[in-house]
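A look at the structure
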Amino acid sequence: ERAYALRELGRELSLRFHSKMVGRIIEVIVESEHKERRGFVFGRASNYVRVLLPADLILVGEVIHARVISACDEYVVALPLT
């Protein structure tokens, strides 16, 4: 029961932190293609937050700038700037 409460607290704190990034422009290094959702890639922001991006014209290893449009407890969703 204690472990469950701590996991829930961790999720809540992560969501709160990630939500503060919505609307911001961030620098992202693209790390990998999403294994379950075709057309998406994962990257890391400069503050190590995991970022989900549409894969349009983005290559793994590329460093891009993107605007965060939404957040969940595991990652933020961003759109690349053109």
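All of the points below concern the structure found in this document.

Here we come to the side chain of H34. For H34, the location among the structural elements is in the loop between β1 (25-33) and β2 (40-45). One polar contact links the side chain of H34 to the main-chain amide nitrogen of R37, over a distance of 2.9 Å. Other than its neighbours up to four places away in sequence, H34 contacts F40, V41, F42 and L52.

Strand order in the closed barrel made by the five strands is β1-β2-β3-β5-β4, with mixed pairing throughout. Across this sheet, the average inter-strand angle for adjacent strands is 50°, counted without regard to direction. Sheet analysis places strand β3 (residues 50-54) next to strand β5 (residues 76-80), joined by two bridges and oriented parallel. Residue pairing across strands places V51 opposite V76, the latter belonging to β5.

A few words now on the packing of aromatic side chains. Evaluation of the coordinates by the stated rule reveals one aromatic pair. Plain terms: the ring middles of F42 and Y75 are 5.6 Å apart, the flat faces sit at 70° to each other, and that makes the pair edge-to-face. Note that F42 is positioned in strand β2 and Y75 in the loop between β4 (63-71) and β5, a separation of 33 residues in sequence. Of the two residues examined, F42 and Y75, each falls in the buried class.

Mapped onto the fold, H18 is located in helix α1 (residues 2-19). H18 gets classed as buried once you look at its relative accessible area, which sits at 7%. Not counting chain neighbours up to four residues away, the residues in contact with H18 comprise V49, A71, C72, D73, E74, Y75 and V76.

The next thing to look at is the pairing of β3. Most of β3 is tucked away: four of the five residues are buried. Strand direction decides the pairing type here: β2 and β3, joined by five bridges, are antiparallel. In the strand pairing of β3, F40 is matched with P54. In textbook terms, the turn of a hairpin is the stretch between consecutive antiparallel strands, and for β2 and β3 this stretch comprises four residues, one of which, Y48, has a positive phi near 75°.

The rules we used
- Residues numbered from 1 in each chain as written.
- Predicted model: local features only at pLDDT ≥ 70, side-chain atom pairs only at ≥ 80, totals over all residues.
- Heavy atoms only, no water.
- Helix = DSSP H or I, 4+ residues; strand = E, 2+ residues; numbered from the N terminus.
- Polar contact = N/O pair within 3.5 Å; in protein donor to acceptor, adjacent residues only side chain to side chain.
- Contact = heavy atoms within 4.5 Å.
- Pairing = 2+ DSSP bridges.
- Axes fitted to C-alpha atoms, helices over the stretch in contact; angles between N-to-C directions.
- Phe/Tyr/Trp six-rings, centres within 6.5 Å; stacked < 30°, edge-to-face > 60°.
- Buried < 20%, exposed > 50% of the residue type's maximum accessible area, 1.4 Å probe, protein only.

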